[in-house]
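What the coordinates show
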Amino acid sequence: MKFSELQLNANVLEALDAMRFDECTPIQEQAIPIILEGKDLIAVAQTGTGKTAAFLLPVLNKLSEGKHPEDAINCVIMSPTRELAQQIDQQMEGFSYFMPVSSVAVYGGNDGILFEQQKKGLTLGADVVIATPGRLIAHLSLGYVDLSKVSYFILDEADRMLDMGFYEDIMQIAKYLPKERQTIMFSATMPAKIQQLANTILNDPSEIKLAVSKPAEKIIQAAYVCYENQKLGIIRSLFMDEVPERVIVFASSKIKVKEVAKALKSMKLNVGEMHSDLEQAQRETVMHEFKAGRINILVATDIVARGIDIDDIRLVINFDVPHDSEDYVHRIGRTARANNDGVALTFIEQKRNRVTSKALRIFWRKRFIRFLSLKDWGRLRNTNRVRSTKTGTGISLKEKISGEKETTEGRKATTLHPGKNKICNSLFG
C-alpha cells in the first residue's frame, strides 16, 4: 500500500514525498489507520520494520491540523536509550519539516547547557517531547513541566524499557498525564510483564502482532564452537586480508567491551567502543565516526542492538552468545537492512553456553547456519582455510562468508551458501 492511500493530510504526504517514502511497511499499513482513529494500540513489531514512522506520521497528522493547545506539550514519546531518542528526534525533524510542529529530545548524560536547553523546550511547551524515563522524571521533579494537556503517550521499545528496570518510572510519569489520552505501545516481544503494563495504562487497545522470531532472510549466519581464548584469534584470521566497511562486535558487558576493543586495537584495527560508561558527547562522537566510516569496527553492549538506524552494516559478530533468541534476532538485525545483504557470526563457548547454544541450534535449524567445530577452527588457525561441514572440501574464510568459489590446491571448493556470491562484493568490496 502507498502512503497516499492512507488518510494522511497534504503536509504529511509532502514530507514523505520529499524524503522519497512511497510504500508503507506492513506495520505502517496496519498501525497508521488505527492511530488516526484515536484508538489505543499495542503493536508487536521488530526493529527495522518502520515502526517509528508508524507512530510519528499519524500523530504529526493530527497535530498539524491545529486543534491542539498552543504552547503546550501535546505528545510524549518514551524511549529506553538516549541513542533511540536521538534517532526518533531526527526522524521527527524530517517528517515535520513542512508542519508547524515543535519537538524536544530529553535524555541524560549531558552537560549543564544541554540540560538548560531541554528545560527551555519543556517550559515553553514543545508539541512533542521525546524522552528517556529517568531524565524526564528529573525535569518533572523540578516542577516546571506541565503534562496535563498531553493527548498522545507513546512507549517505544516497551519491552526493553522494562528489561532496563523502568516500569516504576513509566508508571510515575503516567500519573502526570490526563486520563483522557491516546496511549500507543510498541514492543518487539509480548511477555507477561508487557501485557500487564498494557492492561494498566491502555484503554481497550487494538492489537497488532507482526513480530517474527527469526532473522531476516538475507542474513548469512554461521557459528564457531570455541573456547573463550580462541575468539580473538578467529577475528584476527577473519580480518587478516580485508576488513569490511562496517562491523559491529557485540559483547556481554561493558567490561568485556573494553577488553575486546583494546585487544582489537592492538591488532592495528580501526576500532571504537560503545557502552554506558561513556559520556553522551563521547557516544555521539563514536556513532558519528562509525556512520561516517572513519571507524570500521564498533565493539558494543546490547545498548546498540535495538533501535539504531544504520543501514549498511556488513558484518555482526556475537563475541558472546546473546541471552535469548529475541536478543539474537535484534543483534544480527543490525545487518541486512534496507535490502542489503549481511553476515552474522556467533562464538559459542564449548561448555559455558551449552544450554544457550542448544537453544540456538534449534532456533537456527532451518536457516543457512553452519556450525564449525574446534577441529575446523584449528585448521583455520593454521592454514586460514576451513573445511565445509557438509562436503569436506577445503574453502577459505572469505569463501565461507561469501559463498564465492575459488581453487584450493588444484581443486574447486564447494560453496556453503549457493546463490549468495554477491555477499563477496558487498562485504569485502
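Above this text you will find the structure in question.
Calculation rules
Residues numbered from 1 in each chain as written. Predicted model: local features only at pLDDT ≥ 70, side-chain atom pairs only at ≥ 80, totals over all residues. Heavy atoms only, no water. Helix = DSSP H or I, 4+ residues; strand = E, 2+ residues; numbered from the N terminus. Axes fitted to C-alpha atoms, helices over the stretch in contact; angles between N-to-C directions. Parallel < 35°, antiparallel > 145°, perpendicular 65-115°, else oblique. Left-handed = near helix turned anticlockwise from the far one by under 90°. Contact = heavy atoms within 4.5 Å. Nonpolar A, V, L, I, M, F, W, Y, C, P; charged D, E, K, R; others polar. Buried < 20%, exposed > 50% of the residue type's maximum accessible area, 1.4 Å probe, protein only. Pairing = 2+ DSSP bridges. Right-handed = clockwise from strand over helix to strand, strands pointing away. Core = buried A, V, L, I, M, F, W, Y, C linked by side-chain atoms within 4.5 Å. Salt bridge = Lys/Arg side-chain N within 4 Å of Asp/Glu carboxyl O. Expected span 1.5 Å × (residues − 1). Arc of directions from axis to C-beta. Phe/Tyr/Trp six-rings, centres within 6.5 Å; stacked < 30°, edge-to-face > 60°.

This paragraph deals with unusual backbone geometry. Here the phi dihedral of R20 falls at roughly 60°; this positive angle occurs in a residue that is not glycine. Relative to the helices and strands, R20 is located in the loop between helix 1 (10-18) and helix 2 (26-36). In the Ramachandran plot, K268 falls in the positive-phi region, its phi being about 70° despite a non-glycine side chain. Note on placement: K268 falls in the loop between helix 11 (254-266) and strand 10 (271-274).

So, about the packing of helix 4 (residues 82-95) against helix 12 (residues 280-292). In contact at an axis separation of 11 Å, helix 4 and helix 12 are set at 60° when each is read in the N-to-C sense. Classified by the angle between their axes, helix 4 and helix 12 sit oblique to one another. Every pair of crossing elements has a handedness; the one defined by helix 4 and helix 12 is right-handed. The residues of helix 12 that touch helix 4, namely those facing R82, E83 and Q86, are Q280, R283 and E284. Residue composition of the contact of helix 4 with helix 12, by class: no nonpolar, 2 polar and 4 charged.

It is worth spelling out the pairing of strand 11 (residues 297-300) at this point. Of the two faces of strand 11, the one holding I297 and V299 and the one holding L298 and A300 are both buried throughout. One ladder, built from 4 bridges, connects strand 9 (residues 247-250) with strand 11; its direction is parallel. When the bridges of strand 11 are listed, V247 appears paired with I297. Relative to strand 11, strand 10 is paired through 4 bridges, and the arrangement is parallel. Bridge pairing in strand 11 links M274 to A300. Considered for its hand, the β-α-β crossover made up of strand 10, helix 12 and strand 11 is right-handed.

This part is about the nonpolar core. Ranked by size, the top nonpolar core spans 41 residues in total, and within it F3, L41, F55, L57, I77, V128 and F186 carry the most contacts. Ranked by residue count, the leading element in this core is helix 3 (residues 51-63), at 8 residues. Residues in contact with F55, not counting those within four places in the same chain, are I35, I77, I88, I154, D156 and F186.

What the 7 strands build is an open sheet, ordered 3-4-2-5-6-1-7; its pairing is parallel. The sheet is open, and its two edges are formed by strand 3 (103-106) and strand 7 (206-209), each paired on a single side. Shown here is a sheet whose adjacent strand axes are inclined to one another by a mean of 10°, direction ignored.

Moving on, we come to the environment of M78. Within the secondary structure layout, M78 lies in strand 2 (residues 75-78). Note on M78: relative accessible area 0%, which makes it buried. Taking the C-alpha atoms as reference points, M78 and I130, 52 residues apart in sequence, are found 6.0 Å from one another.

Looking now at the pattern of salt bridges. Throughout the structure, instances matching the rule amount to 15 salt bridges. A salt bridge links R283 to E83; the shortest N-O distance between them is 2.7 Å. Here E83 lies in helix 4 and R283 lies in helix 12, a separation of 200 residues in the sequence. You'll find R283 and E83 in the same group, each marked buried. By sharing partners, the salt bridges in this structure join E228, K231, K256 and D320 into a single network.

As a further point, take helix 12. Taking 1.5 Å as the rise per residue, helix 12 with 13 residues should run 18 Å; its terminal C-alpha atoms sit 18 Å apart, in good agreement. Looking at helix 12, one finds that the buried residues are Q280, R283, V286, M287 and F290. Angularly, the buried residues of helix 12 cover 125° about the axis, an arc narrow enough to put them on a single face. Buried residues in helix 12 make contact with helix 4, strand 9, strand 10 and strand 11. Looking one or two residues beyond helix 12, the residue adopting positive phi is G293, at roughly 85°.

Let us now look at the pairing of strand 13 (residues 342-349). Burial of strand 13 is extensive: 8 of the 8 residues sit out of reach of the surface. Alternating residues of strand 13 divide into G342, A344, T346 and I348 and V343, L345, F347 and E349, and every residue in both groups is buried. Sheet analysis places strand 8 (residues 219-226) next to strand 13, joined by 8 bridges and oriented parallel. Bridge pairing in strand 13 places C226 opposite E349. Note: strand 12 (residues 315-318) against strand 13, 4 bridges, orientation parallel. By the bridge assignment for strand 13, L315 is matched with V343.

Two numbers describe a pair of aromatic rings. These are the distance of the centres and the angle of the planes. Scanning the entire structure with this criterion turns up 4 aromatic pairs. Residues Y97 and F98 carry aromatic rings whose centres are separated by 5.0 Å and whose planes lie at 85° to one another, so their mutual orientation is edge-to-face. According to the relative accessible area criterion, Y97 is exposed, its value standing at 66%. Looking at F98, the relative accessible area reads 32%, which means it is partly exposed.

Keep in mind these values describe shape, not function.
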